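Chains, contacts and geometry: an overview
Given next are the chains, with one letter for each unit.
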Amino acid sequence: MGVDKANHPLQIGVTGGIGSGKSLVCKIFSCLQVPIYEADSRAHWLINHHDAIRERVVALLGPEAYDAAGVYNRRYVAEQVFAQPDKLAALNAIIHPIVRQDTAEWVQQQSGQPYIIKEAAIMKAAGDGNNLDFVVVVEAPESLRVRRVLHRDARSEAEIKAIIARQTTELERKQMADFVIHNDEVQALIPQVFHLHQLFLAKS
Ligand SMILES: CC(C)(COP(=O)(O)OP(=O)(O)OC[C@H]1O[C@@H](n2cnc3c(N)ncnc32)[C@H](O)[C@@H]1O)[C@@H](O)C(=O)NCCC(=O)NCCS
Ligand SMILES: Nc1ncnc2c1ncn2[C@@H]1O[C@H](COP(=O)(O)OP(=O)(O)OP(=O)(O)O)[C@@H](O)[C@H]1O
């Protein structure tokens, strides 16, 4: 990397379809002291706390986008945007530039770290791909992913399959991947993460 690499951590993206185990993989990296930026959680925090986002989301989707307590109403917003692609694009145009800015500020605070991780389900669509040194894709068979999410969330199998159908395809993800973690509950997860950790430390 560049001459001032100590100040610029390597940037690793971790992505994968719903229920693939991205969050679990990131928890393991986190146990190894790697700083993690969870794009989706952070986006939701910003949607609830950033006044300019709130105003623009209400202008786009109506006051129902936030409930009586002022909390972002995901169920209502999901119904609106997943049925209307132009509204989803408009929502993303409000949120993603602010998330990108927030990510950049967070990265600035991580100087001196050998590498950092950005976790996102929709990495490419959020326009972050260009800043990443490597992309790690977490993979698991679709039937297992559906089973995990059925167990984790209050979603029906049909809802989960509809989300999978809207997400980046497995082929697109494979094309993005520099490294793949197989979270199929056959191959052990921790050694795969540890192997990548050693590799990223060596490259930093
Ligand atoms: C659209 C919303 C209301 C759906 O909420 P809901 O609780 O029903 O689903 P959840 O957040 O678990 O997302 C389910 C799946 O939808 C897809 N998805 C989520 N947000 C987006 C988006 N902005 N654009 C395209 N697909 C999306 C992803 O594949 C995700 O895995 C919510 O995801 C949202 O507010 N998204 C905006 C924030 C965002 O863009 N997050 C992504 C990382 S920056
Ligand atoms: N190897 C595994 N063994 C057992 N349970 C697992 C394994 N991997 C993931 N899970 C469980 O499956 C569920 C989905 O995993 P996780 O939340 O990490 O997925 P994700 O890819 O982050 O999903 P989403 O895109 O919905 O946020 C969680 O409840 C998690 O604990």
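Residues numbered from 1 in each chain as written. Chains lettered and ligands numbered in written order. Predicted model: local features only at pLDDT ≥ 70, side-chain atom pairs only at ≥ 80, totals over all residues. Heavy atoms only, no water.

As annotated in an unreviewed UniProt entry, the chain carries the name Dephospho-CoA kinase and comes from Dyadobacter jejuensis. Quoted verbatim from the Function (unreviewed entry) field of UniProt, the annotation for the chain is "Catalyzes the phosphorylation of the 3'-hydroxyl group of dephosphocoenzyme A to form coenzyme A." Within the UniProt record for the chain, the comment given under Pathway (unreviewed entry) is "Cofactor biosynthesis; coenzyme A biosynthesis; CoA from (R)-pantothenate: step 5/5." (UniProt positions renumbered as here; feature names shortened; annotations may be inferred.)

To continue, consider the site of ligand 2. Around ligand 2, the neighbouring residues are Gly17, Ile18, Gly19, Ser20, Gly21, Lys22, Ser23, Leu24, Arg148, Arg152, Asn183 and Glu185. Within the backbone of Gly17, one N or O atom sits 3.5 Å away from an oxygen atom of ligand 2. Here an oxygen atom of ligand 2 sits 3.1 Å away from a polar atom, N or O, in the main chain of Gly19. With the chains in place, 70% of the 630 Å² that ligand 2 exposes on its own is no longer accessible. At the level of elements, helix H1 (22–31) and helix H6 (142–152) are the ones that each hand at least two residues to the shell around ligand 2. The greatest single-element share of the shell around ligand 2, amounting to three residues, is contributed by H1. Its residues placed into classes, the shell around ligand 2 shows two nonpolar, six polar and four charged. (Near = heavy atom within 4 Å. Polar contact = N/O pair within 3.5 Å; in protein donor to acceptor, adjacent residues only side chain to side chain. Areas by Shrake-Rupley, 256 points an atom, 1.4 Å probe, with all protein chains shown as cover. Helix = DSSP H or I, 4+ residues; strand = E, 2+ residues; numbered from the N terminus. Nonpolar A, V, L, I, M, F, W, Y, C, P; charged D, E, K, R; others polar.)

In this structure, Ile53, Val57, Leu61, Val77, Leu91 and Ile95 are the most contacted members of the largest nonpolar core, which totals 28 residues. When neighbours within four sequence positions are excluded, Val77 is seen to be in contact with Leu61, Ala65, Tyr72 and Leu91. Listed in part, the 20 residues of the second largest apolar core include Ile12, Phe134, Val138 and Phe179. (Core = buried A, V, L, I, M, F, W, Y, C linked by side-chain atoms within 4.5 Å. Buried < 20%, exposed > 50% of the residue type's maximum accessible area, 1.4 Å probe, protein only. Contact = heavy atoms within 4.5 Å.)

Before going further, it helps to spend a moment on the packing of aromatic side chains. Following the criterion strictly, the structure yields seven aromatic pairs and no others. Their ring planes at 90° and their centres at 6.3 Å tell us that Phe29 and Tyr115 sit as a pair that is edge-to-face. Taken together, the positions of Phe29 in helix H1 and Tyr115 in strand E3 (residues 115–119) put the pair 86 residues apart, joining distant regions of the chain. Exposure remark for Phe29: the relative accessible area of 0% places this residue in the buried category. Assessed through its relative accessible area of 1%, Tyr115 is described here as buried. (Phe/Tyr/Trp six-rings, centres within 6.5 Å; stacked < 30°, edge-to-face > 60°.)

The next point concerns the sheet that holds strand E4 (residues 134–139). In spatial order, the strands read E2-E3-E1-E4-E5; together these five strands make up an open sheet with parallel pairing. A single partner strand is all that each edge strand has here, and the edge strands are strand E2 (36–38) and strand E5 (179–182). Along the sheet, successive strands turn relative to each other by an average axial angle of 20°, direction set aside. Examined bridge by bridge, strand E1 (residues 10–16) and E3 share five bridges and lie parallel to one another. From the neighbouring strand, Gly13 faces E3, where its bridge partner is Lys118. The strands touched by H1 within the sheet are E1, E2, E3, E4 and E5, with E3 carrying the most contacts at an inclination of about 160°. Across the sheet, helix H9 (residues 189–203) is in contact with E1, E3, E4 and E5; its angle to E5 comes to roughly 160°. (Pairing = 2+ DSSP bridges. Axes fitted to C-alpha atoms, helices over the stretch in contact; angles between N-to-C directions.)

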